[in-house]
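Below are the chains, spelled out letter by letter.
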Amino acid sequence: MGKVPNGEGRGGGGDTGAVEAVVSGAPAPSTLDHEGLDRYVRRLFAPEDDCLRAIRARADEAALPAIQLPPATARAVQILVRAIGARRVLEIGTLAGYSAVWIARALPADGRLLTLEIDPDRAAVARRSVEDAGVGARVEMRVGDALELMAAMDPQPPFDAIFLDADKERYCEYLEQAARLVRPGGLLLADNAFWRGGVLDPAESDELAAHIHRFNERVAADPRFEATILPVGDGLMVAVRR
């Protein structure tokens, strides 16, 4: 077994600077076929049905950016939402409604997903997606600036889970609102936590990598959350509200 450095605090690691190399138990990264493994997960655990494939086609027809969640990441979000028995979920960034359908399918019949989208044209595409998927009764869509909409929300009753997948430069601001709106024991999930590997050296990457790295650091040090990043897709940050 690999040696773990001594330290107090969350996760047992006191020093968040230099990290001692430990045995991961996996082959060296250069030997892993990441694309092949993604296809393996998709085939076994995250197959798309006709409805989900239609959402992707609808997004292409509407000339929306190709930034839908990968199926494996969407499945991970869905499983986490289901695992905590979530009944009220908040999503930041709707796009064509792909992730909204995955999340809504994890909710009970009386569960509700509130999804926020700044662009009315995208919201119109997403409304069709959730209706065609048969989950329209569980999804409420609001159009506007997500930070303003979140700030106006009453934290009672709180949300069971909040999923961030919008403008990365405001992730730290979303964090503050999410901490106010999610219940103790609830989940904060955020996509693109790896930013295509840019977080390894944000100074040499792009501005968004620096924003994501700052967000990751802030969540890791935030006493209100217990968190980690799951290496699925482009990295899924998972935090439990204390």
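Calculation notes
- Residues numbered from 1 in each chain as written.
- Predicted model: local features only at pLDDT ≥ 70, side-chain atom pairs only at ≥ 80, totals over all residues.
- Heavy atoms only, no water.
- Phe/Tyr/Trp six-rings, centres within 6.5 Å; stacked < 30°, edge-to-face > 60°.
- Helix = DSSP H or I, 4+ residues; strand = E, 2+ residues; numbered from the N terminus.
- Buried < 20%, exposed > 50% of the residue type's maximum accessible area, 1.4 Å probe, protein only.
- Lys NZ or Arg CZ within 6 Å of the ring centre and 35° of its normal.
- Patch = residues over 30% accessible without salt bridge, like charges linked within 9 Å, V, L, I, M, F, W, Y side chains within 5 Å.
- Areas by Shrake-Rupley, 256 points an atom, 1.4 Å probe, with all protein chains shown as cover.
- Salt bridge = Lys/Arg side-chain N within 4 Å of Asp/Glu carboxyl O.
- Contact = heavy atoms within 4.5 Å.
- Pairing = 2+ DSSP bridges.
- Right-handed = clockwise from strand over helix to strand, strands pointing away.
- pLDDT = per-residue confidence, 0-100.
- Axes fitted to C-alpha atoms, helices over the stretch in contact; angles between N-to-C directions.
- Parallel < 35°, antiparallel > 145°, perpendicular 65-115°, else oblique.
- Left-handed = near helix turned anticlockwise from the far one by under 90°.
- Nonpolar A, V, L, I, M, F, W, Y, C, P; charged D, E, K, R; others polar.

## Observations concerning the packing of aromatic side chains
Next up, step 1: Scanning all chains against the criterion turns up two aromatic pairs.
Next up, step 2: Centroid distance tyrosine 171 to phenylalanine 215: 5.0 Å. Interplanar angle 70°. Geometry classified as edge-to-face. On the criterion of sequence distance, the pair formed by tyrosine 171 in helix 7 (residues 171-181) and phenylalanine 215 in helix 8 (residues 207-221) is long-range, its members being 44 residues apart.
Next up, step 3: For tyrosine 171, a relative accessible area of 1% translates into the label buried.
Next up, step 4: Directly above the ring of tyrosine 98 sits arginine 56, whose terminal nitrogen or CZ lies 4.4 Å from the centroid.

## Brief notes about a nonpolar patch on the surface
Next up, step 1: A contiguous nonpolar surface patch, about 370 Å² in accessible area, is contributed by Tyr40, Val41, Leu44 and Phe45.
Next up, step 2: Among the structural elements, leucine 44 can be located in helix 1 (residues 34-45).

## Remarks on unusual backbone geometry
Next up, step 1: With omega at 0°, the peptide bond leading from glutamine 156 into proline 157 counts as cis.
Next up, step 2: Looking at the element boundaries, proline 157 is found in the loop between helix 6 (146-151) and strand 4 (159-164).
Next up, step 3: The phi angle at arginine 196 is positive, at roughly 55°, despite the residue not being glycine.
Next up, step 4: Along the chain, arginine 196 falls in the loop between strand 5 (182-191) and helix 8.
Next up, step 5: For arginine 196, a relative accessible area of 65% puts it in the exposed group.

## What to know about the side chain of aspartate 160
Next up, step 1: On the secondary structure map, aspartate 160 appears in strand 4.
Next up, step 2: Residue classification places aspartate 160 among the buried residues on the basis of a relative accessible area of 11%.
Next up, step 3: Not counting the four nearest positions on each side in its chain, aspartate 160 is found in contact with Ile84, Ala86, Arg87, Arg88, Val182, Arg183, Gly186 and Leu187.

## Focus: the pairing of strand 3 (residues 139-143)
Next up, step 1: Strand direction decides the pairing type here: strand 2 (residues 112-117) and strand 3, joined by five bridges, are parallel. Each bridged residue has a counterpart across the sheet, and for leucine 113 the counterpart in strand 3 is valine 139.
Next up, step 2: Remark: the strand 2/helix 5 (residues 120-132)/strand 3 crossover connection has right-handed handedness.

## Some remarks on the confidence of the model for the chain
Next up, step 1: The share of residues in the chain with pLDDT of 70 or more is 91%, and the mean pLDDT across the chain is 92.
Next up, step 2: Throughout residues 1-9 the model reports pLDDT below 50, and contacts reaching past four residues in sequence, or to other chains, amount to eleven contacts.

## Details of the packing of helix 2 (residues 50-61) against helix 5
Two numbers describe a pair of packed helices, the interaxial angle and the distance between the axes.
Next up, step 1: The N-to-C vectors of helix 2 and helix 5 enclose an angle of 165°; their axes lie 10 Å apart at closest approach. Put simply, helix 2 runs roughly antiparallel to helix 5. Handedness of the helix 2/helix 5 crossing: right-handed. Together, Cys51, Ile55 and Arg58 of helix 2 and Val125, Arg128, Ser129 and Asp132 of helix 5 make up the contact between the two elements.
Next up, step 2: Tallied by class, the residues present in the contact of helix 2 with helix 5 amount to three nonpolar, one polar and three charged.

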